[in-house]
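Next come the chains, spelled out residue by residue.
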Amino acid sequence: MVGAGVFQLPARFATQTGVYGALIAWTIAGLGMLTLAFVFQTLAIRKPQLDNGVYVYARTGFGVYPGFLSAIGFWASACAGNAFYWVLIMTTLSQLFPSAAGILGTSDTWPAFIVSSSLPRCPSCAPRCTSTRSSPLPIATAC
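Rules used in this analysis
- Residues numbered from 1 in each chain as written.
- Predicted model: local features only at pLDDT ≥ 70, side-chain atom pairs only at ≥ 80, totals over all residues.
- Heavy atoms only, no water.
- Axes fitted to C-alpha atoms, helices over the stretch in contact; angles between N-to-C directions.
- Helix = DSSP H or I, 4+ residues; strand = E, 2+ residues; numbered from the N terminus.
- Parallel < 35°, antiparallel > 145°, perpendicular 65-115°, else oblique.
- Left-handed = near helix turned anticlockwise from the far one by under 90°.
- Contact = heavy atoms within 4.5 Å.
- Patch = residues over 30% accessible without salt bridge, like charges linked within 9 Å, V, L, I, M, F, W, Y side chains within 5 Å.
- Areas by Shrake-Rupley, 256 points an atom, 1.4 Å probe, with all protein chains shown as cover.
- Salt bridge = Lys/Arg side-chain N within 4 Å of Asp/Glu carboxyl O.
- Buried < 20%, exposed > 50% of the residue type's maximum accessible area, 1.4 Å probe, protein only.
- Polar contact = N/O pair within 3.5 Å; in protein donor to acceptor, adjacent residues only side chain to side chain.

**Describing the packing of helix α2 (residues 54–62) against helix α3 (residues 64–96)**
When two helices pack together, their arrangement is captured by the angle between the axes and the distance separating the axes.
Then comes step 1: Between α2 and α3, the least distance of the axes is 7 Å, while the angle of their chain directions is 160 degrees. Between α2 and α3, the interaxial angle falls into the category roughly antiparallel. Note on packing geometry: the crossing formed by α2 with α3 is right-handed. On α3, the residues touching Val54, Tyr55, Ala58, Arg59 and Phe62 of α2 are Val64, Pro66, Gly67, Phe68, Ser70 and Ala71.

**Re a nonpolar patch on the surface**
Then comes step 1: A grouping of Met33, Leu36, Val39, Phe40, Val54 and Phe74 is seen on the molecular surface, where their side chains present a nonpolar patch of about 500 Å² in accessible area.
Then comes step 2: Ranked by the residues each element gives to the nonpolar patch, the list is headed by helix α1 (residues 2–46), at four residues.
Then comes step 3: By relative accessible area, which is 31% here, Val54 ends up partly exposed.

**Section: α2**
One turn of an α-helix holds 3.6 residues; hence residues three or four places apart share an orientation.
Then comes step 1: Inspection of α2 places Val56, Tyr57 and Ala58 among the buried residues, and these make up the whole buried set.
Then comes step 2: Trailing α2 by a residue or two, Gly63 shows a phi angle of about 120 degrees, which is positive.

**A few points about the side chain of Ser70**
Then comes step 1: Within the secondary structure, Ser70 sits in helix α3.
Then comes step 2: A distance of 2.8 Å separates a polar side-chain atom of Ser70 from the backbone oxygen of Gly67.
Then comes step 3: Setting aside residues up to four positions removed in sequence, Ser70 forms contacts with Val54, Tyr55 and Ala58.

**Some remarks on the environment of Ala83**
Then comes step 1: Mapped onto the secondary structure, Ala83 falls in helix α3.
Then comes step 2: Taking the C-alpha atoms as reference points, Ala83 and Ile114, 31 residues apart in sequence, are found 9.4 Å from one another.

Structure below.
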């Protein structure tokens, strides 16, 4: 799974490319993230009245449909990211408690996926959300 694999990626990458290749790759990725942060900083400075993030920037700059696409893409990536975190948690718990691995599953099994997909939607497990102001879609923070 992507969520658990991201923590193993540096070791795998370093064995394939060596230390210098890993440093170059992390530098390029860091510069890309820094550039993205500067883009949002510039947008926030130039258009301070737009306070709903990616959706409103795309809608204002390119129209309603591209704004919708950016919002739905952001929402889908947030849902996938939450599922990946739960798969990582399930994988970690199955390593800590090997006898429960049949129930918890490992990172590449269906039990881990099912539990990771259903647990965030459990009303007793979900945090109570009071504001959807920073979310492009209210469904992204619905609990």
